[in-house]
Amino acid sequence: MSTPEPESRRAWRDLLDLLRDADATFLAPPRGPLDARGVCDGYQHLTHLLGYAFDLYLEADAERPAFTSLASPTRKILGDNVDSLYFFAPLRGDRSYRITGVRGDGVYLAFCVYGGRPDGEWSERVVTNVSQRHLTFARDGRFELVLSPAPPPQGAANWARLEPDAVCVITREYFLDRATASPSRFQIEAIDQAPPAALLDDAALARRLRAVATFVRETLNIVPLPDLPPNVVGPAMPWSPHVPGWGTPDNVYALGAFRLEPDEALVISGTIPPCTYWGVQTWTRYMQSLDYRYHRVSLNQAQATLGADGSFRVVLAHRDPGVPNWISTAGRREGLVFCRWLQADVLPPQPTSEVVTLDRLRRSG
């Protein structure tokens, strides 16, 4: 009598089939073919994506949650900000959780709960978003945030309601000087603690492997981003609940593409209304920040030289032209440029974009 094929084997082979053809997203139309650098970026992104898929959907457990880092200097995904730290924890909408910690010196700290399906699909909506504007902190920075379907019987200084479709919470912390930052420290626990986890059986492992595959597939449906008109930064856009991904309702975004020759620069000018944070940076077409360990690829309001009226003028070029507010292409002829205004009082106007030669830029100062 033959032994039935394990369900986990079928799920594993389905994942391998997906990965076998994943490079078609950047090697063939409609989003490819990319140039040689973009192809290398694509294969590197696939390794990052698969690593995160295993972290978030194979190893994570909503019964016994823990925060998992979502970005590092060497492994990035889904539009990381150079000045930010991100963490992910899985949730169940019918469970209650407690987040406890001590706030650091970031200008922004938020816990955003997303709703959807717990099978690796992109979250469909924001259930709740609790930022430092809503949190109550003790004098020493300590805080507690309860996430639950109903208010805690004993009350809580900070509470947010979980809806039945809650699937995860993502934390964001923004800094003005990442090199000297003191990040917040926090942890999450289920209030009604589950018993020790049992070993994964065949069916449970297969479900998790299918969630891994779904997350990879859905992300590949987004990146690389389509080819955009070069050297134009688009209008500022508030967060939209209809755009897939883990965006935050606190942000306003402006996205553009660059394509520059060695002697060219892209000059981006705009305004910064009152806000918690403003920044501009460069990405690959896969929404991954360029290598900020060795290149100056971003500026925020504390690092840039700004006009008295809060205006900015950022210069993107392959090498330092000797003018204020230069950011580097980090050796890439093409890529993306991205602006963020966090908790802005008003919607800023569309930035202006102009390509100039480095000689002209130096002469004009």
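The structure we're discussing is the one just above.
All residue numbers refer to position in the chain's written sequence, counted from 1. Reporting in this predicted model follows two pLDDT cut-offs: at least 70 for local features of residues, and 80 or more for side-chain atom pairs to be given and counted; totals over whole chains, interfaces and linings ignore these cut-offs and use all residues. Heavy atoms from the whole structure form the basis of all side-chain values; hydrogens and water molecules are not counted.

Considering the sheet that holds strand β4 (residues 108-115)
- In this scheme, strands are said to pair when DSSP sees at least two bridges between them. Secondary structure counts use DSSP, requiring at least four H or I residues in a row for a helix and at least two E residues in a row for a strand, with both numbered from the N terminus. Ordered in space as β1-β2-β8-β4-β5, the five strands form an open sheet in which the pairing is antiparallel. The open sheet has two free edges, formed respectively by β1 (68-69) and β5 (125-131), since each of these has just one partner strand.
- Summarising the sheet, β4 and strand β8 (residues 166-174) pair through eight bridges and their orientation is antiparallel. Pairing of C112 across the sheet is with I170, part of β8.

With respect to the packing of helix α1 (residues 7-20) against helix α4 (residues 202-220)
- Direction vectors running N to C along α1 and α4 enclose 15°, while the axes themselves pass 8 Å from each other. Classified by the angle between their axes, α1 and α4 sit roughly parallel to one another. Crossing angle aside, the handedness with which α1 passes α4 is left-handed. For the pair formed by α1 and α4, the contact residues are E7, S8, A11, W12, L15, L18 and L19 on the first element and D202, A203, L205, A206, L209, R210, V212, A213, V216 and R217 on the second.
- Any residue that is not Ala, Val, Leu, Ile, Met, Phe, Trp, Tyr, Cys, Pro, Asp, Glu, Lys or Arg is counted as polar, Gly included; the first ten are nonpolar and the last four charged. The residue inventory of the contact of α1 with α4, partitioned by class, reads twelve nonpolar, one polar and four charged. Helix axes are fitted only over the stretch in contact, all axes being lines through C-alpha atoms; the angle between N-to-C directions runs from 0 to 180 degrees. An angle counts as roughly parallel when it lies under 35 degrees, as roughly antiparallel when it exceeds 145, as roughly perpendicular when it falls between 65 and 115, and as oblique in every other case. In this scheme the crossing of two helices becomes right-handed for a clockwise turn of the near helix relative to the far one and left-handed for an anticlockwise turn of less than a right angle. When checking whether two residues touch, look at their non-hydrogen atoms; a contact exists if any pair is within 4.5 Å.

Focus on the nonpolar core
- Residues enter a nonpolar core if they are buried and are Ala, Val, Leu, Ile, Met, Phe, Trp, Tyr or Cys, with the set joined through side-chain atoms within 4.5 Å. A simple rule labels every residue: compare its accessible area, found with a 1.4 Å probe on the protein chains alone, to the largest value its type can have, and call it buried under 20%, exposed over 50%, or partly exposed in between. Counting residues in each nonpolar core, the largest one holds 50 residues, and the members touching the most others are L56, Y57, L70, F88, Y114, F215 and W246.
- Beyond its immediate stretch of four places on either side in the chain, L56 contacts T68, L70, F88, F215 and W246.

Describing the pairing of strand β16 (residues 311-317)
- Most of β16 is tucked away: five of the seven residues are buried.
- Direction of pairing for strand β13 (residues 264-271) relative to β16: antiparallel, over a ladder of seven bridges. Across the sheet, residue G270 finds its bridge partner in β16, namely F312.
- Taken together, the three bridges between β16 and strand β17 (residues 326-328) define a ladder with parallel strand orientation. Residue pairing across strands places A317 opposite S328, the latter belonging to β17.

A look at unusual backbone geometry
- Across the junction of P29 and P30, the peptide omega takes the value 10°, indicating a cis bond.
- Checked against the element boundaries, P30 lands in the loop between α2 (24-27) and α3 (36-59).
- For the bond running from G32 to P33, omega is 0°, close enough to zero to count as cis.
- Its location among the elements puts P33 in the loop between α2 and α3.
- If you check the backbone angles, M287 has positive phi at about 60° while not being a glycine.

Keep in mind these values describe shape, not function.
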